[in-house]
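Coordinate analysis (summary)
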Amino acid sequence: MKLTLKIWRQGGKYKGEFVTYQLNDVNEHMSFLEMLDVLNEQLVHQREEPVAFEHDCREGICGTCSLVIDGRAHGPMKGTTTCQVHMRHYKDGDTIVIEPFRARAFPVIKDLVVDRSSFDRIIQSGGYVSVNTGQAQDANNIPIGKDVAGKSFDAAACIGCGACVAACPNASAMLFTSAKISHLALLPQGQVERKQRVLDMVAQMDLEGFGKCSNVTACEAECPKEISVENIARMNREYMAASFTAEKV
Amino acid sequence: MAAESKLNSKVPAGTLTDKWKTYKSTAPLVSPNNKRRIDVIVVGSGLAGASAAASLGELGYNVKVFTFHDSPRRAHSIAAQGGINAAKNYRNDGDSVYRLFYETIKGGDYRAREGNVHRLAEVSGNIIDQCVAQGVPFAREYGGLLDNRSFGGTQVSRTFYARGQTGQQLLIGAYQALSRQIAAGTVTMYNRHEMQDVVLVDGKARGIIARNLLTGELERHGGHAVVLASGGYGNVFYLSTNAMMCNVTAAWRAHRRGAYFANPCYTQIHPTCIPVSGDYQSKLTLMSESLRNDGRCWVPKKAEDCKKHPNDIPEADRDYYLERRYPAFGNLVPRDIASRAAKMVCDEGRGVGSTGLAVYLDFADAINRLGKDVVEARYGNLFEMYEKIAGENPYERPMRIYPAVHYTMGGLWVDYELMTTVPGLYAAGEANFSDHGANRLGASALMQGLADGYFVLPYTIGSYLSNDIRTGAISTDSPEFEAAEKDVNDRIQRLMGIGGKQSVESFHRRLGKIMWDKCGMARNEQGLKEAIVEIRALRAEYWKDVFVPGSTSEYNPELEKALRVADFMELGELMCMDALDRKESCGGHFREEYQTEEGEALRDDKDFMYAAAWEWKGEDKEQELHKEKLEYEVVKVSQRSYK
Ligand SMILES: Cc1cc2nc3c(=O)[nH]c(=O)nc-3n(C[C@H](O)[C@H](O)[C@H](O)COP(=O)(O)OP(=O)(O)OC[C@H]3O[C@@H](n4cnc5c(N)ncnc54)[C@H](O)[C@@H]3O)c2cc1C
Ligand code: SF4
Ligand code: FES
């Protein structure tokens, strides 16, 4: 199939603009990123600079790929990362618009590549259980109900991609942050630091310049791991409870 | 040309079960106030690197961690699906430290070091404890206790798992431990920094040269010891199940500075991957080995049935070739055996799919026996992934699978302490060669990476660093750092200056094709000799005709790739040399000249019971082979049989 691509280019000779490219021979079995590989091969042959985009595992788990495709973070399909979108969902003659994940807290580095290190700093502010290597008890001394473990897992499945931020009109990071809060708050291992964790992580989130949540829930709709907005509700409850009762010692 | 010089495995004396205990209780220590004065560089933030860095930070060392990723959480370990082994014997099915040790040695086709493997089995249980304490949500039973599944090459159930995302959850656990140390200030994180060289001062590893991938600047970083946890080199084949960025540069640059590279030819070809569909293909997707617990491998008995819809082929016309050939282990034979069996039936013309290079993995029986719900609970996300990529529904039609490059058992040679042949330079995780011999059992890489990082390295590195408490900070103004930086810069300038006509990618594809055709699932003398000639020619062409766009002083992924592919080409040649030299078949290394009448691998223990460690001798010079003889004191060496 033949496709027209309108791609955001920024850096080098591009000031920040859409550039149009034609691809004449796209195979329907290709993945979306393989289609971009073909474009980049073509550009290298024309001695042009290829389009910078990030990717690594190409199987939907590392969270490296991004891209807003025709206005949607990670493209048209529910529960799917960009690297798992295949060209069989497009047809001959389509025009596809490709942009980076945009947010104040995700500055553009080049073309479609953005800086998501703010997510790391949110985790560093408290998204862990404080246990040193060697301090653990036998694993089966901590029984955890199957359903609780499952719920915690649902939240822990977040891949840290940032689509929730890109999808949100306020560029809020509530879904990402609340996923970590939930993962740990639901488990017995997470109890000791539960209150301090939520206070610190929310504070860091605000410090990074992410917006406030106004319950649009676009984050859940675009999240490739289908992380539920219930986590945001849980985080809000945790935060309220902690604000009233946490003691700094 | 072989020599046994320099290779001292340093396995402690004493009975196998006491070696590690004795080592731990007698190793020299660094006192807490001295640890603060010692800098350790860790390259890599995968399971091995993140666990090592977090543990070293907790102990009080100053740690600097480098990753070319934008965040430590992106390391390739994140993609591991199936699970992690541990000899917990929670199932009461006869598992023990000894059994895990024995099965790892046997699975590795008697080409691994007993002392290291026993230690691995000993600490395996602690890993699960540690991960659970961090909040890793492993699968559980209704009673709330941990669940297990079986993996290939074993007859017990010792694999712990977290749905089909075990690697992700383990890495997030290690990443969180690392994040805690970053917040505490013991670890400094250098994201988007790629190590380009290690720097030796007075023969010891004292730092690295790293390229800041955003600015292109070369940076010097000093340390009292350097740990490489930079992962495997399967991408030398271009197509593999590895993440796109996995590469050999860190290990290869260390090799060129004196670290021996061991058993480079031992490559694991994973039996269950989604087959290649076209020449635009950029990577291959693994379907976890756990699927073989319930999926049955088959091909049509008759070649003329291969193009039929699988559901139209009656039971009597199907060949369940693994169950037929290996009744004791059936579909759960080790990976090397399953892969070769698939190749064999396809070579006979009985492969399926449009290319004829695929076999069926069928769940119909499991769905009938257990119900769709149970199958979905076990493998739901894998089935979904298959459907996304292949466009077919595996609940209704058997999956098509074919072997693909997956893991590299070879890597930097290390002794019992995980130190390479360069003093102060360590290698951990997939980057070293240590524990899997000629073939790795499923769910053992995660175990090894975390064993190295959490429980081995923090002890062993201390005994080396105990000599460094008075050294003081390592200056990066020395002539050694200057020279190393200049080497890196020269190489970059040379690549940028070629201005040829061909893309880096096209060279990588060509290299991959040579490797897969001639140094892949089956190898022979003639093919390997041809491969060496072809790779040399390709390399010469590369340095004359590659085109790297952009400039050196900006974010330039093409340049990053160009540097990595240059190293892959040198490694590819060494892999072929090693495969040529090993005139036997063992584990993942199958030489067509050496097989039994039934087509099984034929080892030659008399002449080849050694680890091959190659020494770099300089540009365009033959590398020198050193042999570490393997002694089996406890395990009785025998022909591997899964029949
Ligand atoms: C699809 C797939 C599924 C798997 N499933 C399983 C499984 O179920 N069970 C199992 O046991 N094993 C499994 N494995 C194998 C296992 O995942 C890997 O062997 C293991 O995770 C490797 O971990 P590592 O820490 O050694 O390296 P990696 O996780 O590869 O990490 C390497 C790190 O080094 C960094 N790095 C590399 N070079 C440089 C450089 N020059 N400069 C700076 N940084 C550098 C990278 O950025 C990265 O942080 C699987 C592998 C694949 C491909
Ligand atoms: S919550 Fe979803 S969209 Fe947001 S970072 Fe996690 S996986 Fe990505
Ligand atoms: S490239 Fe890893 S999630 Fe898309």
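Predicted model, so just to flag it, every value in this text is computed and none were measured.

Below, the discussion takes up the domain arrangement of chain B. Residues and elements named next belong to chain B. Here chain B is described as being made up of domain 1 (271-403) and domain 2 (479-608). If you average the C-alpha positions of domain 1 and of domain 2, the two centres end up 31 Å apart. With twelve residues of domain 1 in contact, the opposing surface of domain 2 contributes eleven residues. At the boundary of domain 1 with domain 2, total buried surface from both sides reaches about 840 Å², with 52% on carbon and sulfur atoms.

Another point: the site of ligand 1. All names here are of chain B. Near ligand 1, the surroundings consist of 37 residues, among which Thr67, Ser77, Met195, Glu430 and Leu446 are the closest. Contact between ligand 1 and Ser444: an oxygen atom at 3.3 Å from a main-chain N or O atom of the residue. Contact between ligand 1 and Ala445: an oxygen atom at 3.0 Å from a main-chain N or O atom of the residue. Coverage of ligand 1 by the protein chains reaches 98% of its 1000 Å² of free accessible surface. Listing elements by their share of the shell around ligand 1, those giving two or more residues are helix 3 (47-59), strand 6 (193-201), strand 15 (399-408) and helix 12 (445-465). The element best represented in the shell around ligand 1 is strand 6, accounting for three residues. Its residues placed into classes, the shell around ligand 1 shows 16 nonpolar, 18 polar and three charged.

With that out of the way, let us pick up the packing of helix 6 (residues 166-184) of chain B against helix 12 of chain B. Residues and elements named next belong to chain B. The geometry of helix 6 relative to helix 12 is characterised by a closest axis approach of 11 Å and an angle of 10 degrees between their N-to-C directions. Here helix 6 is positioned roughly parallel relative to helix 12, judged by the angle of their axes. On helix 12, the residues that touch Thr166, Gly167, Leu170, Gly173 and Ala174 of helix 6 are Leu446, Leu450 and Tyr454. Split by residue class, the contact of helix 6 with helix 12 holds five nonpolar, three polar and no charged.

Another point: the interface of chain A and chain B. Facing 72 residues of chain A, the contacting portion of chain B comprises 75 residues. For the pair chain A and chain B, the interface holds five salt bridges. Asp154 of chain A is the partner of Arg163 of chain B in a salt bridge, and the nearest nitrogen-oxygen pair spans 2.9 Å.

Take the pairing of strand 1 (residues 3-11) of chain A next. Residue and element names in this part refer to chain A. In this structure, strand 1 lies alongside strand 2 (residues 14-23), joined through nine bridges in antiparallel fashion. By the bridge assignment, Trp8 is partnered in strand 2 with Phe18. If you look at the hairpin formed by strand 1 and strand 2, you'll find two residues sitting between the two strands, and Gly12 has a positive phi there, around 60 degrees. One ladder, built from four bridges, connects strand 1 with strand 5 (residues 95-99); its direction is parallel. Across the sheet, residue Thr4 finds its bridge partner in strand 5, namely Thr95.

Conventions adopted
Residues numbered from 1 in each chain as written. Chains lettered and ligands numbered in written order. Predicted model: local features only at pLDDT ≥ 70, side-chain atom pairs only at ≥ 80, totals over all residues. Heavy atoms only, no water. Domains from an automatic or database assignment. Contact = heavy atoms within 4.5 Å. Buried area = accessible area lost by both parts, 1.4 Å probe. Near = heavy atom within 4 Å. Polar contact = N/O pair within 3.5 Å; in protein donor to acceptor, adjacent residues only side chain to side chain. Areas by Shrake-Rupley, 256 points an atom, 1.4 Å probe, with all protein chains shown as cover. Helix = DSSP H or I, 4+ residues; strand = E, 2+ residues; numbered from the N terminus. Nonpolar A, V, L, I, M, F, W, Y, C, P; charged D, E, K, R; others polar. Axes fitted to C-alpha atoms, helices over the stretch in contact; angles between N-to-C directions. Parallel < 35°, antiparallel > 145°, perpendicular 65-115°, else oblique. Salt bridge = Lys/Arg side-chain N within 4 Å of Asp/Glu carboxyl O. Pairing = 2+ DSSP bridges.

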